[in-house]
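Examination of the molecular architecture
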Amino acid sequence: MKKTLVLVFHPDLDGQSHANKALAQAAAELPDVTVRDEYAIYPGGAIDAAAEQRLVEEHDRIVLQFPLYWYSSPALLKEWEDKVLAYGWAYGPNGEALNGKEIMVATTAGGATSEYRTENGGATMDEVLSPYRMTARYTNAVWHQPFVLFNAMELDDAALAEAAARYREALLA
Ligand SMILES: Cc1cc2nc3c(=O)[nH]c(=O)nc-3n(C[C@H](O)[C@H](O)[C@H](O)COP(=O)(O)O)c2cc1C
């Protein structure tokens, strides 16, 4: 199996989170998968870019897991991108660290599937996630089909267990 790094960006994974917690726990059960609670690791928000780059280098697939906040991510993921995907490492001269690595987004959305349509000025989830796809493209990484969990605030334990099983399958694919 591919060596997979799941970076979870939820500001309260051990507290308020239901969906991301269930997904993170499911991922952690798999062999060759490293799961990191980035907000717990960096409570002050100061990302250790060198340490994160080393971890990325050691894995074949990087999963960015987060709850959708304002059609984007919680702030620490943006900080992670800005600090870790550095010139001369992710792009620019010798910036080839992500070449050929898979990037997969796993996101949970409070909205229903039906809310992610282009009608009436709306956008599909593929469109919402396009900054991540473009970032993967720019760094010559391979864009993996995203894992999306809709209605994430309304799922009961059975639905969360079903989502966790789907997530495990996606991570194994
Ligand atoms: C600040 C904030 C912004 C949010 N923005 C969106 C949004 O733009 N679209 C959406 O579908 N859900 C949005 N939600 C709902 C979250 O995506 C949802 O609560 C989360 O995915 C549930 O996962 P959790 O149980 O791990 O917290 C937002 C929630 C918060 C707190």
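Residues numbered from 1 in each chain as written. Predicted model: local features only at pLDDT ≥ 70, side-chain atom pairs only at ≥ 80, totals over all residues. Heavy atoms only, no water.

Structural notes on the environment of Leu98
Here Leu98 lies in the loop between α4 (75–84) and β4 (102–108). In the structure, Leu98 is positioned 42 residues away from Asn140 in sequence and 6.4 Å away in space, judged by C-alpha atoms. Excluding its chain neighbours within four sequence positions, the residues that come into contact with Leu98 are Val56, Leu85, Trp89, Ala90, Ile103, Thr139, Asn140 and Ala141. (Helix = DSSP H or I, 4+ residues; strand = E, 2+ residues; numbered from the N terminus. Contact = heavy atoms within 4.5 Å.)

Some thoughts on α4
Working note: α-helix, 3.6 residues per turn, so residues spaced by three or four point in the same direction. Those residues of α4 not exposed but buried are Leu76, Leu77, Trp80, Glu81 and Val84. The arc that holds the buried residues of α4, viewed along the axis, is 145°, so those residues lie on one side. (Buried < 20%, exposed > 50% of the residue type's maximum accessible area, 1.4 Å probe, protein only. Arc of directions from axis to C-beta.)

Some remarks on helix α3 (residues 49–57)
For α3, the complete set of buried residues consists of Ala49, Ala51, Glu52, Gln53, Leu55 and Val56. Where α3 is buried, its residues contact β1 (4–8), β2 (33–37), α2 (38–41), β3 (61–67) and α4.

Remarks on the UniProt feature "domain: Flavodoxin-like fold" (unreviewed entry) in the protein chain
Mapped onto this numbering, the UniProt entry gives "domain: Flavodoxin-like fold" (unreviewed entry) at residues 2–170. Between the end C-alpha atoms of residues 2–170 the distance is 12 Å, and the span holds 36% helix and 17% strand. (UniProt positions renumbered as here; feature names shortened; annotations may be inferred.)

Considerations on the pairing of β3
With seven of seven residues buried, β3 is to be regarded as a mostly interior element. A two-sided burial pattern is seen for β3, the buried positions comprising Arg61, Val63, Gln65 and Pro67 on one face and Ile62, Leu64 and Phe66 on the other. Where β3 meets β4, seven bridges bridge the pair, whose relative direction is parallel. Bridged to Val63 within β4 is Met104. Taken together, β3, α4 and β4 form a β-α-β motif whose crossover is right-handed. (Pairing = 2+ DSSP bridges. Right-handed = clockwise from strand over helix to strand, strands pointing away.)

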